[in-house]
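# Secondary and tertiary structure notes
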Amino acid sequence: RRQRQMCIRDRLNNLKEAARTFNYLSEHNLLNYEDFKNHVADSADAIQATESKIQSLNKQLDAQRLLQKRCDVYRHCRTVLLAEKDAPDKKAYQKQHQAEYQLHDTTLQELSGLGIKKLPSQEKLQKQLQQLETELAATQKELTQLQADQRTLHIVQSNFSSMLQDANILPELLSLIHISEPTRQ
């Protein structure tokens, strides 16, 4: 008797899962297995594209941070160079700040190599950095949602495959949700 109850409970759970699967497929208009398989493939493609976008945004953020750092260094060194005008002994000042002079020249060459002719303002650089960070956060959130949807799709796919293999579950499911089975000719 206990074994029979467990069998009935398992069958009922299977029917409930099948009903959830059927509802999902109906809601997303995926009752054709080929359409469903294409939807699963599209989901995987969307995840891959979003992951690529995240990698690209991370590279852009790294480049932006590096640019911001170089601009800050250049500004600092330039301040030191401009202060030479007010120094009483220019030769001693240059000797004392030789490292800043070398860093200024190196940073200027690096900025020129990046195509920077006019130094962008600190505010502009910070705004660009914040925009990239915001876009990255939104893209990461999108990826999380796509991955959750993909997990759901894998469960539905497993259930869909089981439903196709179990010929007895469809008539039971249809009787539970009060849909008449199509007539067979």
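Analysis parameters
Residues numbered from 1 in each chain as written. Predicted model: local features only at pLDDT ≥ 70, side-chain atom pairs only at ≥ 80, totals over all residues. Heavy atoms only, no water. Helix = DSSP H or I, 4+ residues; strand = E, 2+ residues; numbered from the N terminus. Buried < 20%, exposed > 50% of the residue type's maximum accessible area, 1.4 Å probe, protein only. Contact = heavy atoms within 4.5 Å. Salt bridge = Lys/Arg side-chain N within 4 Å of Asp/Glu carboxyl O. Expected span 1.5 Å × (residues − 1). Core = buried A, V, L, I, M, F, W, Y, C linked by side-chain atoms within 4.5 Å. Axes fitted to C-alpha atoms, helices over the stretch in contact; angles between N-to-C directions. Parallel < 35°, antiparallel > 145°, perpendicular 65-115°, else oblique. Left-handed = near helix turned anticlockwise from the far one by under 90°. Nonpolar A, V, L, I, M, F, W, Y, C, P; charged D, E, K, R; others polar. pLDDT = per-residue confidence, 0-100.

This part takes up the overall build of the protein. Summing up its helical and strand segments, the protein has 6 helices and 0 strands in all. Reading the secondary structure of the protein in the N-to-C direction produces α-α-α-α-α-α. Among the 185 residues that make up the protein, the fraction classed as buried is 26%. Contacts in the protein between residues far apart in sequence, at least 24 positions, make up 80% of those at least 6 positions apart.

Taken as a whole and assessed by the stated rule, the structure comprises 7 salt bridges. We note a salt bridge from E17 to R20, for which the minimum N-O separation is 2.6 Å. Here R20 and E17 lie together in helix α1 (residues 2–27), a separation of 3 residues that amounts to about one turn. Residue E17 is classed as partly exposed on the basis of its relative accessible area of 26%. The structure contains a network of salt bridges with shared partners spanning D62, R65 and E133.

An α-helical turn contains 3.6 residues, so any two residues separated by three or four positions project in the same direction. Look at α1: 37 Å from first C-alpha to last across 26 residues, which is about the 38 Å you get at 1.5 Å a residue. Looking at α1, one finds that the buried residues are L15, A18, A19, T21, F22, Y24 and L25. Count one or two residues on from α1 and you reach N29, which has phi positive near 55 degrees.

Residues I47, I54, L57, L61, L129, L132, L136, L143 and L146 constitute the largest nonpolar core, which totals 9 residues. Breaking this core down by element, the ones donating at least two residues are α2 (33–82) and α5 (122–165). Residues within four places of L143 in sequence aside, it is in contact with I47, T50, E51 and I54. Ranked by size, the runner-up nonpolar core spans 8 residues in total, among them L30, F36, V40 and V156.

This next bit is on the packing of α2 against helix α4 (residues 98–113). At a minimum axis distance of 9 Å, the contact between α2 and α4 shows a crossing angle of 140 degrees. It follows from the interaxial angle that α2 and α4 lie oblique. Along this stretch, α2 crosses α4, giving a crossing that reads as left-handed. Residue-level inspection shows L67, R70, C71, V73, Y74, H76, C77, R78, V80 and L81 of α2 in contact with α4, the latter providing E100, Y101, L103, H104, T107, L108, E110 and L111. A per-class count over the contact of α2 with α4 returns 11 nonpolar, 3 polar and 4 charged.

With that out of the way, let us pick up unusual backbone geometry. Apart from glycine, the bulk of residues carry a negative phi angle, and the bulk of peptide bonds sit in the trans form. Its identity is not glycine, yet N29 carries a phi of approximately 55 degrees, on the positive side. Mapping N29 onto the fold places it in the loop between α1 and α2. Given a relative accessible area of 62%, N29 falls into the exposed group.

Scored by pLDDT, the protein comes out at a mean of 86, with 88% of its residues at no less than 70. Per-residue pLDDT stays below 50 along residues 178–185; that stretch engages in 4 contacts with residues further than four places along the chain or on separate chains.

Let's shift gears to the environment of F160. Within the element layout of this structure, F160 appears in helix α5. By relative accessible area, F160 is classed as buried at 6%. Separated by 129 residues in sequence, F160 and L31 place their C-alpha atoms 9.6 Å apart. Beyond its immediate stretch of four places on either side in the chain, F160 contacts T21, L25, L30, L31, Y33 and F36.

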